[in-house]
Amino acid sequence: MSYQIKEVKTKPYDGQKPGTSGLRKRVKVFQQEHYTENFVQAIFDAVDLKGKTLVVGGDGRYFSPETVQTILKIGSANGVAKFIIGQNGILSTPAASNIIRKYKADGGILLTASHNPGGPNADFGIKYNVSNGGPAPEAVTNKIFEKTKAISSYKVIELPPVDLSQKGFTTYGPSNVEIIDSVKDYLELLENIFDFFLIKSFLQSHADSFKVLFDGMHGVTGPYGRAIFVDTLGLPESSVQNATPLPDFGGGHPDPNLTYAHELVERVEREGIHFGAASDGDGDRNMIYGKGAFVTPSDSVAIIADWAAEAIPYFKKGGIKGLARSMPTSAQIDKVAKKKGLECHVVPTGWKFFGNLMDAGRLSICGEESFGTGSDHIREKDGVWAIVAWLNILAYANKESPNKLIGIKELLEKHYTVYGRSFFSRYDYEEVSAVAAQSLVDAINVYISTGSLASTSHVSKSTGQKFTVADVSNFDYTDPIDGSVSRNQGQIILFDDGSRVVFRLSGTGSQGATVRMYVERYVPPEAGPAELNKDTQEGLKGLIEVALQISNLREFLGRDKPTVIT
Ligand code: G6P
Ligand code: ZN
């Protein structure tokens, strides 16, 4: 078909600054005339993709199909040689990262706003990933932003839209287009990592005593979950729910935590399900929840790290090169690293900080308290990977213990008996005024600069526990690979028993400011089961009281209670 390249005049829009999670705005903002086109053209202006291969896909949220066609029109006009596109524009974020790596593409455009709600009145997002499969580093996103500020025209090829529902090869003007199965490569990836045979035989032999429930939250992971749990592992259809991706996620908030995944939590408790799990809108987050047992993400990554080299073929073969967590994540994984003699990196919040360590061969398994867990098999966190990792570990642990069924609860208790337990909880104060949030930060900075808090003791009125401050600091990070420095990544109040409280402003909120308070208290194995297996909030009660007292958080923020507790 003959084609022409057309140049369309445009003017810059303010505020098209992408973070490493991309440009996230309301759908209505993206629908403004030239808004999406400007940003897409800015990507091609910032990154030379002439003659290159580009992966395109996303979580299927509202406004995705239109945007895939926009990317085709503009990308093709800008000389992209080949597009690899998920069928119907669908690729989970981990699947896209895998496709980029597996087919040696030069980059990828991911259409997602992660766990934010979707639909005509909710959010959309465009994110650029580079050739290692990870989110574009700041140097690239800054360059894209610069281009959005100077744009005066964009290029398009006017051709009929490509039918995204038909798998196979086609051409679009001067470019080749391949529409691929959204799930196949990802399933193959997981089959090469985990012991599916072991998992399947465990599930089959415990069909009545060990039930599984996966909740796709109407996000992108439904088809992945069905392919793995139903088609491959042979579980009944009732073991997946909300597994059809919907453009508005069924009106829900596709974020797997105790608040938003309540449908899963309720069914697990009602039906006595041993293994429940959920993933977010684009499939990179996860929650593991069994009857009466919520696994904090901090514990989850520690337990995966503990068992991986024994239970999971990928690590049995390749070994574990190192472990890592984000700073606010609990130090549970540090205990595992120490026992196994592995290096354990502590990086600022944000998955991008793990990428350099992985590329340098110094990191295999890592996680964040914000429900992100993953490994060096790709360069994004991976919700379904974490869920299958848990199943693999449980299947292995049960092989070792033929007479007593080991579920999530038993596995947690076993872990605490060996390593002790870092009780961990996060309090979120959402949509507070930016000025109030800053005044809290400033006050803690005064403690840091004057040292006035050091060695002071604080007693909890309700529990009588005494906490003595050992140190107050700001977390700064120097990347051990490229030497880049990231400052002020959270304020830490450390106590002399190793307990700590961290204060940090969220980098992802869209309304006002969100203050996060992370609380952590370590209890050694010698404390015994009664102490170790306490309810989290109970285990942290005294420390939380002291943290609120010292920081005067309630007074600064004018909030008596957090909006979310995880
Ligand atoms: C995104 C990133 C995560 C990060 C989280 C922090 O989800 O992908 O890597 O942990 O944001 O969010 P926050 O709101 O705490 O800045
Ligand atoms: Zn996500």
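Residues numbered from 1 in each chain as written. Chains lettered and ligands numbered in written order. Predicted model: local features only at pLDDT ≥ 70, side-chain atom pairs only at ≥ 80, totals over all residues.

Engineer: Is there a simple way to think about the site of ligand 1 in this case?
Structural biologist: In the vicinity of ligand 1, the contacting residues are Ser21, Thr349, Gly350, Trp351, Glu368, Ser370, Gly372, Ser506, Gly507, Thr508 and Arg516. Taken domain by domain, the shell around ligand 1 gets at least three of its residues from each of domain 2 (186–419) and domain 3 (421–565). (Near = placed C-beta within 6 Å. Domains from an automatic or database assignment.)

Engineer: Is there a simple way to explain the UniProt feature "domain: Alpha-D-phosphohexomutase alpha/beta/alpha" (unreviewed entry) in the protein chain in this structure?
Structural biologist: Mapped onto this numbering, the UniProt entry annotates "domain: Alpha-D-phosphohexomutase alpha/beta/alpha" (unreviewed entry) at residues 16–154, 185–289 and 300–405. Regarding residues 16–154, the helix share stands at 38% and the strand share at 24%, and the terminal C-alpha atoms are separated by 15 Å. (UniProt positions renumbered as here; feature names shortened; annotations may be inferred. Helix = DSSP H or I, 4+ residues; strand = E, 2+ residues; numbered from the N terminus.)

Engineer: Mind showing me how you'd approach the domain arrangement of the protein chain here?
Structural biologist: Think of interface size as the accessible area that goes away when the parts come together; that is how it is often given. Examined at the domain level, the protein chain breaks down into domain 1 (5–182), domain 2 (186–419) and domain 3 (421–565). Using only C-alpha atoms to locate each centre, domain 2 and domain 3 end up separated by 27 Å. Where the side of domain 2 that touches domain 3 is concerned, the elements lending two or more residues are helix H13 (352–359) and helix H15 (408–419). With five residues, H15 is the single largest residue contributor to the side of domain 2 that touches domain 3. Split by residue class, the side of domain 2 that touches domain 3 holds ten nonpolar, eight polar and two charged. (Nonpolar A, V, L, I, M, F, W, Y, C, P; charged D, E, K, R; others polar.)

Engineer: Sorry, what's going on with H13 here?
Structural biologist: Two residues of an α-helix separated by three or four positions point the same way, owing to the 3.6 residues in each turn. Counting buried residues in H13 gives seven out of eight residues, a clear majority hidden from the surface. Where H13 is buried, its residues touch strand S15 (323–326), strand S16 (344–347) and strand S17 (365–368). (Buried ≥ 20, exposed ≤ 12 C-beta atoms within 10 Å, placed from the backbone. Contact = placed C-beta atoms within 7 Å.)

Engineer: Explain the sheet that holds strand S27 (residues 564–565) here, please?
Structural biologist: Backbone hydrogen bonds hold the strands of a sheet together, and the pairing may be parallel or antiparallel. Spatially, the seven strands line up as an open sheet ordered S20-S21-S24-S25-S26-S19-S27, and their pairing is antiparallel. Two strands bound the open sheet, and with one partner strand each, they are strand S20 (457–459) and S27. Alignment of S20 against strand S21 (residues 466–474), held across three bridges, turns out to be antiparallel. The partner of His458 across the bridge, within S21, is Phe467. Helix-sheet contacts for helix H16 (residues 434–450) involve strand S19 (421–432), S21, strand S24 (491–495), strand S25 (500–505) and strand S26 (513–523), and the interaxial angle to S21 is about 100 degrees. Its contacts with the sheet put helix H18 (residues 536–551) on S19, S20, S21, S24, S25 and S26, and the angle it makes with S26 is roughly 125 degrees. (Pairing = 2+ DSSP bridges. Axes fitted to C-alpha atoms, helices over the stretch in contact; angles between N-to-C directions.)

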